[in-house]
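Here's the letter readout for the chains.
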Amino acid sequence: MPSRTETPAFAGVTGGDGGIPVLTTERLLLRAPSADDLDASAAMWSNPEVVRHIGGKPFTREEVWSRILRARGLWSMLGYGYWAVYDRDSDRFVGDVGFADFHRDFTPSIEGIPEMGWVLDPWCHGRGYASEAVKAAIRWGEAELSAPEFSCIIDPDNRASIKVAEKAGFIQSAETTYKGGPTLVFRRSR
């Protein structure tokens, strides 16, 4: 597996750790989450700015470790999951992007539909990294998954993520309540 700094010179997909594909874009490397990500990921998830629209409560280091383990486990259970995202030039942690099926308890149900998610460290907000990573993940998903559509859920106050979703072709399909808060449901057909 290429390390974060030994990436292919072309944009594309290569083999990865544990069968998790490595995706490259012009500026980003999306690779299997690993124990090496814990410090950077814990710093990101403990930032109140990051979690403001994702439950509002900063994550502990232990909770972040559980997220990393869950991200790896998604791949073996579902054949898809989350990638750790790094800036190719600086080798700096950018965030997480990927797909899941968390069997969320709300209506309308998105159970069985790969649900996209993304979270980026504030240092890289406003640089187009979220759109670039989401686009790479969608390209992979369309090539590798048989699902006719993808979904995502977003806090209605998170204008930046709504913009990323719409730019990636997601269309708002419903308003619902999830864990006591208003939530927008988006879908993207192939």
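Before reading on, note that the structure itself is shown above.
A. How the structure looks around helix 4 (residues 129-144). Taking 1.5 Å per residue, 16 residues should reach 22 Å; helix 4 reaches 22 Å between its end C-alpha atoms and fits that length. If you check which residues of helix 4 are buried, you get Tyr129, Ala130, Ser131, Glu132, Ala133, Val134, Ala136, Ala137, Ile138, Trp140 and Gly141.

B. Quick peek at the environment of arginine 27. Here arginine 27 is to be found in the loop between strand 2 (22-24) and strand 3 (28-31). Taking the C-alpha atoms as reference, arginine 27 lies 14 Å from glycine 126; in sequence the two are 99 residues apart. Here arginine 127 takes part through its backbone oxygen, which lies 3.0 Å from a polar atom of the side chain of arginine 27.

C. The arrangement of the layout of surface pockets in detail. Here the largest pocket is characterised by a volume of approximately 1400 Å³. Forming the walls of the largest pocket are 49 residues, and the residues nearest its centre are His53, Ile54, Trp118, Asn158 and Ser161. Partitioned by chemical class, the residues of the lining of the largest pocket number 21 nonpolar, 12 polar and 16 charged.

D. Spotlight on the packing of aromatic side chains. As enumerated under the stated definition, the model contains 10 aromatic pairs in all. With 6.4 Å between their ring centres and 35° between their planes, phenylalanine 99 and tryptophan 140 make a pair best called tilted. Here the residue phenylalanine 99 occupies a position in strand 5 (residues 93-100), and tryptophan 140 occupies one in helix 4, the gap between them amounting to 41 residues. Taking the relative accessible area as the measure of exposure, tryptophan 140 reaches 8% and is therefore buried. Classification of phenylalanine 99 as buried rests on a relative accessible area of 0%. Every member of this aromatic cluster is reached through a ring pair, and the members are Trp75, Tyr80, Trp83, Phe99, Trp140 and Phe150. The ring of tryptophan 45 has arginine 67 lying over it, and the distance from NZ or CZ to the ring centre is 3.8 Å.

E. Highlighting helix 5 (residues 159-167). Among the residues making up helix 5, those that are buried are Ser161, Ile162, Val164 and Ala165. The buried side chains of helix 5 occupy one side of the element, clustering within an arc of 160° when seen end-on. Among the exposed residues of helix 5, those oriented more than 90 degrees off its buried face are Arg159, Ala160, Lys163 and Lys167. Buried residues belonging to helix 5 abut strand 6 (115-120), helix 4, strand 7 (149-154) and strand 9 (181-189).

F. Broad picture of unusual backbone geometry. In this model, threonine 107 is joined to proline 108 through a cis peptide bond whose omega is 5°. Take proline 108: it is sitting in the loop between strand 5 and strand 6. The residue histidine 103 is not glycine, and still its phi comes out positive at about 55°. The topology assignment puts histidine 103 in the loop between strand 5 and strand 6. Assessed through its relative accessible area of 48%, histidine 103 is described here as partly exposed. Unlike most non-glycine residues, lysine 179 shows phi in positive territory, near 50°. Assignment of secondary structure puts lysine 179 in the loop between strand 8 (171-178) and strand 9. Note on lysine 179: relative accessible area 74%, which makes it exposed.

About the thresholds
- Residues numbered from 1 in each chain as written.
- Predicted model: local features only at pLDDT ≥ 70, side-chain atom pairs only at ≥ 80, totals over all residues.
- Heavy atoms only, no water.
- Helix = DSSP H or I, 4+ residues; strand = E, 2+ residues; numbered from the N terminus.
- Expected span 1.5 Å × (residues − 1).
- Buried < 20%, exposed > 50% of the residue type's maximum accessible area, 1.4 Å probe, protein only.
- Polar contact = N/O pair within 3.5 Å; in protein donor to acceptor, adjacent residues only side chain to side chain.
- 1 Å grid on protein atoms, 1.4 Å probe; cavity = no way out; pocket = protein on both sides within 12 Å on 5 of 7 lines; lining within 4 Å.
- Points joined across faces, edges and corners; volume = space filled by probe spheres on them.
- Nonpolar A, V, L, I, M, F, W, Y, C, P; charged D, E, K, R; others polar.
- Phe/Tyr/Trp six-rings, centres within 6.5 Å; stacked < 30°, edge-to-face > 60°.
- Lys NZ or Arg CZ within 6 Å of the ring centre and 35° of its normal.
- Arc of directions from axis to C-beta.
- Contact = heavy atoms within 4.5 Å.

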